[in-house]
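Here are the chains, one letter per residue:
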Amino acid sequence: MAARRAPRLTAAPPAAPAGARGAARPLKRVFDALSFIASSPRPPPASAIAAKLGLAPSSAHRVLGQLADAGLVVREPGSRGFRPSARLAAFARDVLLGDPAQAERHAILEGLASRVGETCNLTMLDRSRVVYLDRVESHWPLRLHLAPGSRVPVHCTASGKLFLATMPAARRAALLRALPLDRHAPATIVEAGALARELEALRRRDLGIDAEEFIVGLVAVAVPVRDRRGRVAAAVAVHAPAARMPLASALGHVDAMRTAAAAIGATLSDE
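Residues numbered from 1 in each chain as written. Predicted model: local features only at pLDDT ≥ 70, side-chain atom pairs only at ≥ 80, totals over all residues. Heavy atoms only, no water.

Q: Please set out the sheet that holds strand β6 (residues 208-211) residue by residue, giving values where relevant.
A: Strands sit in the order β5-β4-β3-β8-β7-β6 across an open sheet of 6 strands; the sheet is antiparallel. Of all strands in the sheet, those with a lone pairing partner are β5 (151-153) and β6, marking the two edges. Neighbour-to-neighbour, the strand axes of the sheet open up by a mean angle of 30 degrees, direction not taken into account. With 5 bridges connecting them, strand β3 (residues 119-126) and strand β8 (residues 232-241) associate as antiparallel partners. Note on β8: the bridge partner recorded for asparagine 121 is alanine 237. Packed on one face of the sheet, helix α10 (residues 254-265) meets β3, β7 (218-226) and β8 and runs near 40 degrees to β7. (Pairing = 2+ DSSP bridges. Helix = DSSP H or I, 4+ residues; strand = E, 2+ residues; numbered from the N terminus. Axes fitted to C-alpha atoms, helices over the stretch in contact; angles between N-to-C directions. Contact = heavy atoms within 4.5 Å.)

Q: Which residues make up unusual backbone geometry, and what values do they have?
A: Of note, the phi angle at aspartate 206 is positive, near 55 degrees, even though the residue is not glycine. Note that aspartate 206 resides in the loop between α8 (192-205) and β6. In this structure, glutamate 212 takes a positive phi of about 60 degrees despite not being glycine. Take glutamate 212: it is sitting in the loop between β6 and β7. Taking relative accessible area as the criterion, glutamate 212 reaches 30% and is therefore assigned partly exposed. (Buried < 20%, exposed > 50% of the residue type's maximum accessible area, 1.4 Å probe, protein only.)

Q: I'd like to hear about α10, residue by residue, with values.
A: In a regular helix each residue adds 1.5 Å, so 12 residues correspond to 16 Å; α10 covers 16 Å between its end C-alpha atoms and thus fits that length. Buried residues of α10: Val254, Ala256, Met257, Ala260, Ala261, Ile264 and Gly265, and no others. (Expected span 1.5 Å × (residues − 1).)

Q: Account for the packing of helix α2 (residues 46-53) against helix α3 (residues 57-69), with residues named and values stated.
A: Packed helices, taken two at a time, are described by the angle between their axes plus the distance between the axes. Relative orientation of the contacting elements α2 and α3 amounts to 110 degrees, with a least axis distance of 9 Å. Taken together, the axis directions place α2 and α3 in an arrangement best described as roughly perpendicular. You can see that α2 and α3 cross each other, and the crossing is right-handed. For the pair α2 and α3, contact is made by Ala46, Ile49 and Ala50 and by Pro57, Ala60, His61 and Leu64, respectively. Class assignment of the residues belonging to the contact of α2 with α3 gives a composition of 6 nonpolar, 1 polar and no charged. (Parallel < 35°, antiparallel > 145°, perpendicular 65-115°, else oblique. Left-handed = near helix turned anticlockwise from the far one by under 90°. Nonpolar A, V, L, I, M, F, W, Y, C, P; charged D, E, K, R; others polar.)

Q: Break down the environment of leucine 199 for me, citing the residues and quoting the values.
A: With respect to the secondary-structure elements, leucine 199 resides in helix α8. The sequence separation of leucine 199 and phenylalanine 163 amounts to 36 residues, and the corresponding C-alpha distance is 9.4 Å. The contacts of leucine 199, once residues within four sequence positions are left out, are Lys161, Leu164, Ala165, Arg172 and Leu176.

Q: So what about helix α5 (residues 102-116)? Which residues, and what values?
A: For α5, with 15 residues, the first-to-last C-alpha span of 21 Å sits near the 21 Å given by 1.5 Å per residue. Residues of α5 that are buried: Gln102, Arg105, Ile108, Leu109, Leu112, Ala113 and Val116. End-on, the buried residues of α5 take up no more than an arc of 140 degrees, which puts them together on one face. Projecting away from the buried face of α5 at angles above 90 degrees are the exposed residues Ala103, Ser114 and Arg115. With its phi angle positive at about 85 degrees, glycine 117 sits one or two positions after the end of α5. (Arc of directions from axis to C-beta.)

Q: Which residues make up the nonpolar core, and what values do they have?
A: In terms of nonpolar packing, the biggest core is built from 28 residues, with Leu109, Leu112, Leu122, Val223, Val225, Val236 and Ile264 touching the most fellow members. Mapped by element, the contributors of at least two residues to this core are α5, β3, β4 (129-136), β7, β8 and α10. If you tally residues by element for this core, the top one is α10, at 6 residues. Dropping the residues within four chain positions of it, valine 223 is found in contact with Leu162, Leu207, Ala234, Ala235, Val236, Val254, Met257, Arg258 and Ala261. Core analysis: the next-biggest nonpolar cluster, separate from the first, contains 25 residues, Leu164, Met167, Leu176 and Leu202 among them. (Core = buried A, V, L, I, M, F, W, Y, C linked by side-chain atoms within 4.5 Å.)

Q: Can you tell me about the packing of α5 against α10, naming the residues and giving the values?
A: Interaxial distance between α5 and α10 falls to 9 Å at its minimum, and their mutual angle equals 175 degrees. Considered as vectors, α5 and α10 are oriented roughly antiparallel to each other. Between α5 and α10, the contacting residues are Arg105, Ile108, Leu109, Leu112 and Arg115 on the first element and Ala256, Met257, Ala260, Ala263 and Ile264 on the second. Considering only residue class, the contact of α5 with α10 consists of 8 nonpolar, no polar and 2 charged.

Q: So, the environment of leucine 179: which residues are in play, and what are the values?
A: Considering the arrangement of structural elements, one finds leucine 179 in the loop between α7 (169-178) and α8. Residue leucine 179 is classed as buried on the basis of its relative accessible area, which comes to 13%. Between the alpha carbons of leucine 179 and alanine 192 there is a distance of 9.6 Å; along the sequence they are 13 residues apart. Beyond its immediate stretch of four places on either side in the chain, leucine 179 contacts Ser128 and Val154.

Right, here's the structure in full:
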């Protein structure tokens, strides 16, 4: 008769000290509040944050005070809502640029630029400006150079108009009321009503178009990069001199741009 094996004893992983668990809870509440503010279509008030996180109103106000003191959120002018601060937007941009998947995203952009033969950009919205995260330049001698980190207006660039067109209507209307619609070129749309109609048409097409509105002689087309929740996180844009690539020709590359944007979107974290 075979000898029975003695049961193996394994040590359970050490439990976190009670003090550590207690310290983590307030930090989690702060992070959850920050995540809710950053992902909300319009700046949520303290009451909405309290309801979402299951907090007492006094606790929600305490969390918001901590975030405001750290410079991570600010009060939306003219409302009780809170929105991410410029400091938090810069932090988010640094996280995205430092992501190990950035090399993969750059390779996708390189593939698109090779196919299109013109400069391709990856951009995101930073409050009321478009910021360039990455770009692959064309090899043509005539080109517009904008280094990563450069900022351009939202109302007259392809990426900017795309971000405006795809954001919630109430947020778009509030931003358009606050924006100075400066004229950068003869074709810049500087009348608010005309721009609103243009953005609605672009929303239906899920596109951004710059028809020499930012710089005379330069055209651009942008498509959205959506994360795994379907939110517009960034944009892929192609721009070129109109003499070399008329707008109609640029629009002919939209399918390839959407494929690249979907591939980039798949690299974004779903957390």
